[in-house]
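So the chains spell out like this:
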Amino acid sequence: MRHTRLADISLVAGIMAGTGLMLLAVPAPAQEIRDANLVPYAVKDYAIEKSLTGKPGDAAKGRQWAITSGQGNCVICHKLPIPEVAFRIGNVGPDLTEVGSRLTPAEIRMRIVNPKLLNEQTIMPAYYRVTGLHRVAKNAEGKPMLTAEQVEDLVAYLSALK
């Protein structure tokens, strides 16, 4: 039997009559959230339903974060409909050209915040997490790669890609 370990989360599984196995994941420990001033969030069914800021993000800003080195920089690994950076269009991750047709904003949000909840082996970084990371620069320790606002801007942009 293969065992999968999910770091920094608590996993609660329950059997629901007639619906099979339902998994609920709770985010990283409260201490991490307090120490890094992260907005608390809840993961349910591999999605984060509530906006981290309580309001929708700005899709135009999200588009900018998707191409900004040292921030989202999504184009380094993903294909996106951003012609001015065609030379940097990645092919490591899935094509995000129509991601808004495949995933809900809540599913996109979870993949940005901590994609390792979905696939522990992913090479995609957790953009809104500060523990359990590897090779973090000293000046970036204890800080998420993106702010809550930047996460929501990216969610708005990627959700609009249909």
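Structural data are supplied above this passage.
Residues numbered from 1 in each chain as written. Predicted model: local features only at pLDDT ≥ 70, side-chain atom pairs only at ≥ 80, totals over all residues. Heavy atoms only, no water.

Caption draft 1: The arrangement of the overall build of the protein in detail. A count of helical and extended segments in the protein gives 5 helices and 3 strands. Its helices and strands in sequence order give the protein the pattern β-β-α-β-α-α-α-α, from N to C terminus. Evaluated residue by residue, the protein yields a buried proportion of 35% over its 162 residues. Within the protein, residue pairs in contact and separated by at least 24 positions form 46% of the contacts whose partners lie at least 6 positions apart. Total accessible area computed for the protein in this model is approximately 9800 Å², and 57% of it derives from carbon and sulfur atoms. (Helix = DSSP H or I, 4+ residues; strand = E, 2+ residues; numbered from the N terminus. Buried < 20%, exposed > 50% of the residue type's maximum accessible area, 1.4 Å probe, protein only. Contact = heavy atoms within 4.5 Å. Areas by Shrake-Rupley, 256 points an atom, 1.4 Å probe, with all protein chains shown as cover.)

Caption draft 2: Focus on the pattern of salt bridges. Counted according to the given criterion, the structure contains 3 salt bridges. Taking the shortest distance from any N to any O, the salt bridge between E84 and R63 comes out at 2.7 Å. Of this pair, E84 sits in the loop between helix 2 (59-67) and helix 3 (99-102) while R63 sits in helix 2; the two residues are 21 residues apart in sequence, bridging distant segments of the chain. On the basis of relative accessible area, R63 is assigned to the partly exposed category, the value being 27%. E152 is paired through a salt bridge with R109; the nearest N and O atoms lie 2.8 Å apart. A residue pair is termed long-range when its members are at least 10 positions apart, and E152 in helix 5 (residues 148-160) and R109 in helix 4 (residues 105-113) qualify at 43 residues. Here E152 matches R109 in class, with each residue buried. (Salt bridge = Lys/Arg side-chain N within 4 Å of Asp/Glu carboxyl O.)

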